[in-house]
Amino acid sequence: MRVLVVEDQATLAEGLRLGLEAEGIAVDVALNGTDGLWRTREGSYDAVVLDIMLPGMSGYAVCRAMREGGDWTPVIMLTAKDGEWDQVEALDTGADDYLTKPFSFVVLLARLRALVRRGARERPVVLEAGDLRVDPASRSVHRGDTEIELTSREFAVLEFLMRRVGQVVTKREVLDGVWNDDFEGDPNIVEVYVRHLRNKVDRPFGRESIVTMRGAGYRMEARGG
């Protein structure tokens, strides 16, 4: 196994290197995000241990750049203790797992071995409807060459519809797929988010990709409107 450790705390980085090498693992170390990303592009690794708070560029930026470049090497991100939102963002930017500091070395080792056994994931397929493209890997949306900024919930609703192009989906199905089975709020919240999406991905481009099927639900047009 060959592992890249990207950690700016030199003492911790050296401790991880010595511990992993004692387990027969080859280790490279980068002390900042810029060097870490360069090493992922120049070398071949079975896994990457990636801190979030790094000089040069953050762990989030490194992981996102790896995924956008088609590199799906397993990544374990090191997050702040009790950093709940750090953990959420780590997973959203493409990390496979995370550990909160301080962490147990034996747990890190076990998780590394588990990730390597699974191997690198394949890049998720880019979803397309005409010139409307949704990339689940980078969480980006484009209409032609124009990138469209969406909130996390707007993105989730659009992705749900794009995965069912040409199909009629009910409000309940959208709620269950994007919110959860226990949602007890106003189901008309779906209408609100569909309206937001139309104002961002359709109307500025003169399109009508999200069609309302009266009494039934919504359908994403295969040609993107």
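Procedures and definitions
Residues numbered from 1 in each chain as written. Predicted model: local features only at pLDDT ≥ 70, side-chain atom pairs only at ≥ 80, totals over all residues. Heavy atoms only, no water. Core = buried A, V, L, I, M, F, W, Y, C linked by side-chain atoms within 4.5 Å. Buried < 20%, exposed > 50% of the residue type's maximum accessible area, 1.4 Å probe, protein only. Helix = DSSP H or I, 4+ residues; strand = E, 2+ residues; numbered from the N terminus. Contact = heavy atoms within 4.5 Å. Domains from an automatic or database assignment. Phe/Tyr/Trp six-rings, centres within 6.5 Å; stacked < 30°, edge-to-face > 60°. Lys NZ or Arg CZ within 6 Å of the ring centre and 35° of its normal. Pairing = 2+ DSSP bridges. UniProt positions renumbered as here; feature names shortened; annotations may be inferred. Axes fitted to C-alpha atoms, helices over the stretch in contact; angles between N-to-C directions.

Per an unreviewed UniProt entry, the recorded name for the chain is DNA-binding response OmpR family regulator, and the organism is Frigoribacterium faeni.

A. The arrangement of the nonpolar core in detail. Val141, Val157, Leu158, Met162, Val174, Trp179 and Met220 are the most contacted members of the largest nonpolar core, which has 26 residues in total. For this core, the elements supplying multiple residues, two or more each, are β6 (127-129), β7 (132-135), α6 (152-162), α7 (171-178), α8 (189-202) and β12 (217-220). If one sorts the elements of this core by residue count, α6 sits on top with 6 residues. If we ignore the near neighbours within four places in the chain, the residues touching Val157 are Val174, Val178, Trp179, Tyr193 and Leu197. If you look at the next biggest cluster of nonpolar residues, it comprises 18 residues, including Val6, Ala30, Tyr45 and Val48.

B. A look at the domain arrangement of the chain. Taken domain by domain, the chain comprises domain 1 (2-119) and domain 2 (127-220). Taking only C-alpha atoms into account, the centre of domain 1 sits 33 Å from that of domain 2.

C. Quick peek at the packing of aromatic side chains. Throughout the structure, instances matching the rule amount to 0 aromatic pairs. Geometry around Phe160 places Arg164 over its ring, the cationic atom sitting 3.7 Å from the centre.

D. Quick look at the pairing of strand β11 (residues 210-213). Direction of pairing for β11 relative to β12: antiparallel, over a ladder of 4 bridges. Looking at β12, one finds that Val211 is bridged to Arg219. Two successive antiparallel strands, β11 and β12, enclose a turn made up of 3 residues, where Gly215 displays a positive phi of approximately 80 degrees.

E. Layout of the UniProt feature "modified residue: 4-aspartylphosphate" (unreviewed entry) in the chain. Here, UniProt's "modified residue: 4-aspartylphosphate" (unreviewed entry) annotation points to Asp51. For Asp51, the location among the structural elements is in strand β3 (residues 47-51). Residue class for Asp51 comes out buried when judged on its relative accessible area of 4%.

F. Summary view of the sheet that holds strand β10 (residues 168-169). Taken in spatial order, the 3 strands make up an open sheet running β10-β12-β11, and their pairing is antiparallel. Two strands in the sheet have a free side with no partner beyond their single neighbour: β10 and β11. Where β10 meets β12, 2 bridges bridge the pair, whose relative direction is antiparallel. Bridging from a neighbouring strand, Val168 pairs with Arg219 of β12. In the packing of α6 onto the sheet, contacts are made with β10, β11 and β12, and the angle to β12 comes to roughly 75 degrees. Helix-sheet contacts for α8 involve β11 and β12, and the interaxial angle to β11 is about 145 degrees.

G. Structural detail: the sheet that holds β3. The strand order across the open sheet built from 5 strands is β2-β1-β3-β4-β5, with neighbouring strands paired in parallel fashion. The open sheet has two edge strands, β2 (26-30) and β5 (97-100), and neither has a second partner. On average, adjacent strands in this sheet sit at an angle of 20 degrees to one another, irrespective of strand direction. For strand β1 (residues 2-6) and β2, the ladder comprises 5 bridges, and the chain directions are parallel.

H. Main features of the side chain of Ser140. By secondary structure assignment, the location of Ser140 is in strand β8 (residues 140-143). Relative accessible area serves as the criterion here: at 11%, Ser140 is assigned to the buried category. If we skip the residues at most four places from it in the chain, Ser140 touches Arg133, Val134, Asp135, Glu147 and Phe155.

I. Region of interest: the pairing of strand β4 (residues 75-79). By the criterion of burial, β4 is predominantly enclosed, with 5 of the 5 residues buried. Taking every second residue as pointing to the same face, both faces of β4 are buried, with Val75, Met77 and Thr79 on one and Ile76 and Leu78 on the other. As paired strands, β3 and β4 are joined by 4 bridges and run parallel to one another. Note that in β4 the partner of Val49 across the bridge is Ile76. Bridge count for β4 against β5 is 4 bridges, and the pairing is parallel. Along β5, the bridge assignment pairs Thr79 with Thr100.

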